[in-house]
Amino acid sequence: MLDLGQLQHLVVLTGAGISAESGVPTFRGHGGLWRHYRPQELATPGAFGRDPKLVWEWYDWRRGLIGECQPNPAHHTLADMEARLPGFTLITQNVDGLHHLAGNRRVLELHGNIWRMRCTREGTQQVDRTVPLPQLPPRCANCGALLRPDVVWFGETLPADVLEAALAAAAACDIMLVVGTSAVVQPAASLPLVAKQNGALLVEVNPQPTPLSDYVDLSLRQPAAQALPEWWASWQEQRDSRADRDPDG
Ligand code: OAD
């Protein structure tokens, strides 16, 4: 058990695995989307340029699937952490919006959000949760140009302000929880190493080993919906028993 008494700043980095128990498919591994679909045909600027309707059909299908899903106990635990811990930062690679639905208010979304659309001409953004979309590909109501999903595609850079905030949080944290990511997609996969280099403890929550596993201080090889509530409950018990022993401390 890690000593969490001195915890000042907890960072949590999530990936597709945290939403697996909500019913959202992951990308890699058993049943993963990239087992059945080719990312270069669906999730690149080139693919969108060639066939925006096909790309939108795929996103419309995913929006329909995600729209049926609810946050699970792992998401709810992170919302509780944000409400109770002053030094808490949530960074996600997920575009499904389930962290917001669970109640997290400050979420650094590295790869964007599937419910947001962006005008390819004006750059304006809008949230639209309509499923299915009435017209594919959708067009900007203001200028008529194509709208695109406001997500990061392969070959694109991450939103600079979000990445900068994520790197700063990683460098400043005492503990980073890495939950449900295969830790192979950059630059997100480097964040735990930035944390480690700056002295943080790393905890990985993943039923499977990843390239990060050799570097972590604690591996919880369990599904997130089980491991996160348990870890959080035991941390709170530890904190409460400290307070009982040392009421002035
Ligand atoms: P992946 O699909 O690559 O990895 C999901 C990870 O979740 C795997 O390591 C699984 O072992 C783990 N996992 C599965 N079920 C779990 C559970 N119940 N609890 C905890 N872990 C579980 O997803 P990401 O690492 O998020 O990028 O993928 C990173 C990026 O690659 C995505 O954001 C997306 C994708 O291409 C873009 O779209 C830009």
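Residues numbered from 1 in each chain as written. Predicted model: local features only at pLDDT ≥ 70, side-chain atom pairs only at ≥ 80, totals over all residues. Heavy atoms only, no water.

**Student:** Help me understand the environment of alanine 102 in this model?
**Tutor:** Mapped onto the secondary structure, alanine 102 falls in helix α6 (residues 98–102). Sequence separation between alanine 102 and leucine 78 is 24 residues, and the spatial gap between their C-alpha atoms is 8.3 Å. (Helix = DSSP H or I, 4+ residues; strand = E, 2+ residues; numbered from the N terminus.)

**Student:** Is there a simple way to think about helix α5 (residues 73–84) in this case?
**Tutor:** In an α-helix, one full turn covers 3.6 residues, which means residues spaced three or four apart are oriented alike. Here α5 contains twelve residues, and its C-alpha end-to-end distance of 16 Å stays within 8% of the 16 Å for a straight helix at 1.5 Å per residue. The complete set of buried residues in α5 reads Ala74, His75, Thr77, Leu78, Ala79, Met81 and Glu82. Tucked into the core, α5 has its buried residues touching β1 (10–14), β2 (88–92), α6, β7 (175–179) and α9 (224–245). Between the side-chain oxygen of the N-cap and the backbone nitrogen of alanine 74 there are 2.7 Å, and the N-cap of α5 in question is asparagine 72. (Expected span 1.5 Å × (residues − 1). Buried < 20%, exposed > 50% of the residue type's maximum accessible area, 1.4 Å probe, protein only. Contact = heavy atoms within 4.5 Å. Polar contact = N/O pair within 3.5 Å; in protein donor to acceptor, adjacent residues only side chain to side chain.)

**Student:** I'm lost on the layout of surface pockets in this one. Help?
**Tutor:** Empty pockets left among the atoms are what a rolling probe the size of a water molecule brings to light. In this structure, the largest pocket encloses a volume near 1100 Å³. Lining the largest pocket are 49 residues; nearest its centre among them are Ala16, Thr26, Phe27, Arg28 and Ser182. Of all elements in the fold, only α1 (33–36) and α4 (52–67) reach the threshold of two or more residues within the lining of the largest pocket. Sorting elements by how many residues they give to the lining of the largest pocket places α4 first, with six residues. Taken together, the residues of the lining of the largest pocket break down into 26 nonpolar, 18 polar and five charged. Shared between two domains, the lining of the largest pocket takes at least three residues from each, and those domains are domain 1 (1–24 + 71–111 + 158–249) and domain 2 (25–68 + 113–151). (1 Å grid on protein atoms, 1.4 Å probe; cavity = no way out; pocket = protein on both sides within 12 Å on 5 of 7 lines; lining within 4 Å. Points joined across faces, edges and corners; volume = space filled by probe spheres on them. Nonpolar A, V, L, I, M, F, W, Y, C, P; charged D, E, K, R; others polar. Domains from an automatic or database assignment.)

**Student:** Before we go on, may I ask you to explain the domain arrangement of the protein chain in this structure?
**Tutor:** Quite often, the size of an interface is put as the accessible area lost when its parts meet. Here the protein chain is described as being made up of domain 1 (1–24 + 71–111 + 158–249) and domain 2 (25–68 + 113–151). Between the C-alpha centres of domain 1 and domain 2 the distance comes to 27 Å. On the domain 2 side, the residues contacting the 14 residues of domain 1 number 14 residues. Counting the surface lost from both domain 1 and domain 2, the interface buries some 1000 Å², and carbon and sulfur atoms represent 60% of this. Notably, a salt bridge pairs arginine 116 with glutamate 109, separated by 3.7 Å at the nearest N-O pair. Class assignment of the residues belonging to the side of domain 1 that touches domain 2 gives a composition of seven nonpolar, five polar and two charged. (Buried area = accessible area lost by both parts, 1.4 Å probe. Salt bridge = Lys/Arg side-chain N within 4 Å of Asp/Glu carboxyl O.)

**Student:** Just checking my understanding: could you explain the pairing of β1 for this structure?
**Tutor:** Along any regular strand the residues' side chains alternate between the sheet's two faces. Among the five residues of β1, five are classified as buried, and the element is accordingly described as predominantly covered. The alternating pattern of β1 places Leu10, Val12 and Thr14 and Val11 and Leu13 on opposite faces, both of which are buried. For β1 and β2, the ladder comprises five bridges, and the chain directions are parallel. Residue leucine 10 lies in a different strand from β2, and its bridge partner there is phenylalanine 88. Pairing analysis gives five bridges linking β1 to β7, with the strands arranged parallel. Residue pairing for β7: valine 11 is matched across the bridge by methionine 176. (Pairing = 2+ DSSP bridges.)

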